[in-house]
Amino acid sequence: MHQGLNEKSAPRETGALLSDNTTGTQGKKAAIPSHLYKLVNDLVEVDKRDSALLELSKKREDFPGLAPILWNSFGTIAALLQEIVSIYPLLSPARLTSELSNRCCNALALLQCVASHPDTRSAFLNAHIPLYLYPFLNTVYTYRQYEYLRLTSLGVIGALVKMDDSDVITFLLQTQIIPLCLRIMDNGSELSKTVATFIIQKILLDDQGLAYICHTFERFSTVSDVLRKMVLGLVEQPSVRLLKHICRCYLRLSENKHAREALQTCIPNELRDNTFASELQDDSEKLTRKWLQQLLRNIGDIPPDNTS
């Protein structure tokens, strides 16, 4: 039985990650209270680290200035990475407990804070810290504690790509993030699929990302096949939010000449025959309807002058 996360039990940063707001908490100014400095110092002390991780992860969204403090404090990032690396031996065979998963996810939440901040993002990338998360993305167990770890790790990568920084895309294209996301899109829970698809979408929206995926037919077809399977899955288990990201991925692919020609024959009929009309009829889905119509216009299903 699948023991994935539902909407209520998901990490709280997931909703903010997938929202249209790209500024997050960066625009807020809040002085860092003295007790937070003490909690940051506590991270380097093993016996105090667990409670410090929990308290800091709760407060990070209220204090965006926490990220530079975490990055520049002696031993803090090393302590967070130690929490992550200590989980590796428990990934396979499955020996990860919920308690250890929650503790590691608190460390990941602080890394997401660092990844999101404009003053620390470049250093975060230059240190190749996202690579420490890939073993979590590579897990296949569906137990809740593993799913939580995957989803929180995806949240860190999602926070990076949400900033629309071409340096982030340059870095990610040199790693295995695309095949890792595609596997999660193929086999993950609905929430993990949604965040993984969001990451692929943001990679595609960058010119170098689109060029990379469309550089060979093999790369394009691998992405296209996963998107097609997801569309077919949505017929049985609808998810408007996931459909939105899928449509945006397809639309961006259709802006590449060679991909557009291939999509004329490989795009699923369910996107052509109003299968999802009822899911998209609400006014809140106007943008998704627009993307879908533009996609069908790009591949020649709708005449260019048809604006209905």
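Residues numbered from 1 in each chain as written. Predicted model: local features only at pLDDT ≥ 70, side-chain atom pairs only at ≥ 80, totals over all residues. Heavy atoms only, no water.

The number of helices and strands found in the protein is 17 helices and zero strands. Looking at the protein residue by residue over its 308 residues, the buried ones come to 50%. Sequence separation of 24 or more characterises 74% of the internal contacts of the protein that already satisfy a separation of 6 or more. With an accessible surface of roughly 14600 Å², the protein has 50% of that area assigned to carbon and sulfur atoms. (Helix = DSSP H or I, 4+ residues; strand = E, 2+ residues; numbered from the N terminus. Buried < 20%, exposed > 50% of the residue type's maximum accessible area, 1.4 Å probe, protein only. Contact = heavy atoms within 4.5 Å. Areas by Shrake-Rupley, 256 points an atom, 1.4 Å probe, with all protein chains shown as cover.)

Now for the pattern of salt bridges. The tally for this structure, following the rule as stated, stands at 14 salt bridges. Linking R252 and E255 is a salt bridge whose minimum nitrogen-to-oxygen distance equals 2.7 Å. Among the residues examined, R252 registers a relative accessible area of 9% and is labelled buried. Taken together, the shared-partner salt bridges in this structure form one network comprising R49, E83 and R103. (Salt bridge = Lys/Arg side-chain N within 4 Å of Asp/Glu carboxyl O.)

Bringing the environment of L160 into the picture now. With respect to the helices and strands, the residue L160 is situated in helix α9 (residues 144–162). You can call L160 buried: its relative accessible area is 0%. Each C-alpha atom of the pair L160 and A115 lies 5.8 Å from the other, and the pair is 45 residues apart in sequence. Apart from residues lying up to four places away in sequence, L160 is in contact with A115, R121, F124, L125, P130 and V168.

Attention now moves to the packing of α9 against helix α12 (residues 190–205). Across the interface, α9 lies against α12 with an axial gap of 9 Å and an inter-helix angle of 25 degrees. As judged from the angle between their axes, α9 and α12 are roughly parallel. In this structure, α9 meets α12 at a crossing whose hand is left-handed. Here E147, L151, L154, G155, I157, G158, V161 and K162 of α9 come into contact with α12, specifically with L191, S192, V195, A196, F198, I199 and K202. For the contact of α9 with α12, the per-class residue count stands at nine nonpolar, three polar and three charged. (Axes fitted to C-alpha atoms, helices over the stretch in contact; angles between N-to-C directions. Parallel < 35°, antiparallel > 145°, perpendicular 65-115°, else oblique. Left-handed = near helix turned anticlockwise from the far one by under 90°. Nonpolar A, V, L, I, M, F, W, Y, C, P; charged D, E, K, R; others polar.)

We now examine the packing of aromatic side chains. What the rule picks out here adds up to five aromatic pairs. Pairing Y141 with Y146 gives two aromatic rings, centres 5.1 Å apart and planes at 55 degrees, and the pair type is tilted. Arranged with centres 6.1 Å apart and planes meeting at 45 degrees, the rings of F217 and F220 form a pair that is tilted. Of the two residues, F217 and F220 both sit in helix α14 (residues 217–236), three residues apart, roughly one turn of that helix. Look at F217 and you get exposed, because its relative accessible area is 61%. Classification of F220 by relative accessible area gives buried; the value is 4%. Here the aromatic cluster, defined as three or more aromatic residues joined through ring pairs, consists of Y141, Y143 and Y146. Taking NZ or CZ as reference, R219 lies 3.8 Å from the ring centre of Y212, over its face. (Phe/Tyr/Trp six-rings, centres within 6.5 Å; stacked < 30°, edge-to-face > 60°. Lys NZ or Arg CZ within 6 Å of the ring centre and 35° of its normal.)

This brings us to helix α6 (residues 98–116). An ideal rise of 1.5 Å per residue puts 27 Å on 19 residues; α6 measures up with 26 Å between its terminal C-alpha atoms. With 15 of 19 residues buried, α6 lies mostly within the body of the structure. (Expected span 1.5 Å × (residues − 1).)

Our next topic: the nonpolar core. Core analysis: the largest hydrophobic core is formed by 97 residues, its most contacted members being I177, L253 and L271. Broken down by element, this core gets its largest block of residues, nine residues, from α6. Look past the residues within four positions of L253 in its chain and what remains in contact with it is L204, L210, I213, C214, F220, V223, L227, A259, R260 and L263. (Core = buried A, V, L, I, M, F, W, Y, C linked by side-chain atoms within 4.5 Å.)

Below, the discussion takes up the side chain of D42. By secondary structure assignment, the location of D42 is in helix α2 (residues 34–42). Leave out the neighbours within four places in its chain, and D42 touches K48, R49 and A52.

Looking now at helix α3 (residues 46–59). The first and last C-alpha atoms of α3 sit 20 Å apart over 14 residues, in line with the 20 Å expected at 1.5 Å per residue. The largest bend along α3 measures about 30 degrees and falls at A52. All buried positions along α3 are accounted for by R49, A52, L53, L56 and S57. Each element contacted by the buried residues of α3 is listed here: α2, α4 (66–72), α5 (76–85) and α6. (Bend = angle between axes of the 7 residues up to and from the residue.)

Attention shifts here to the confidence of the model for the protein. On average, residues of the protein score 91 in pLDDT, and 89% of them are at 70 or above. Low pLDDT, under 50, characterises residues 22–27; the stretch is placed with eight contacts to residues that sit more than four places away or in other chains. (pLDDT = per-residue confidence, 0-100.)

In this chain, S92 is followed by P93 through a cis amide linkage whose omega measures 0 degrees. Within the secondary structure, P93 is located in the loop between α5 and α6. Backbone geometry places N274, a non-glycine residue, at a positive phi of 65 degrees. Along the chain, N274 falls in the loop between α16 (257–266) and α17 (286–298).

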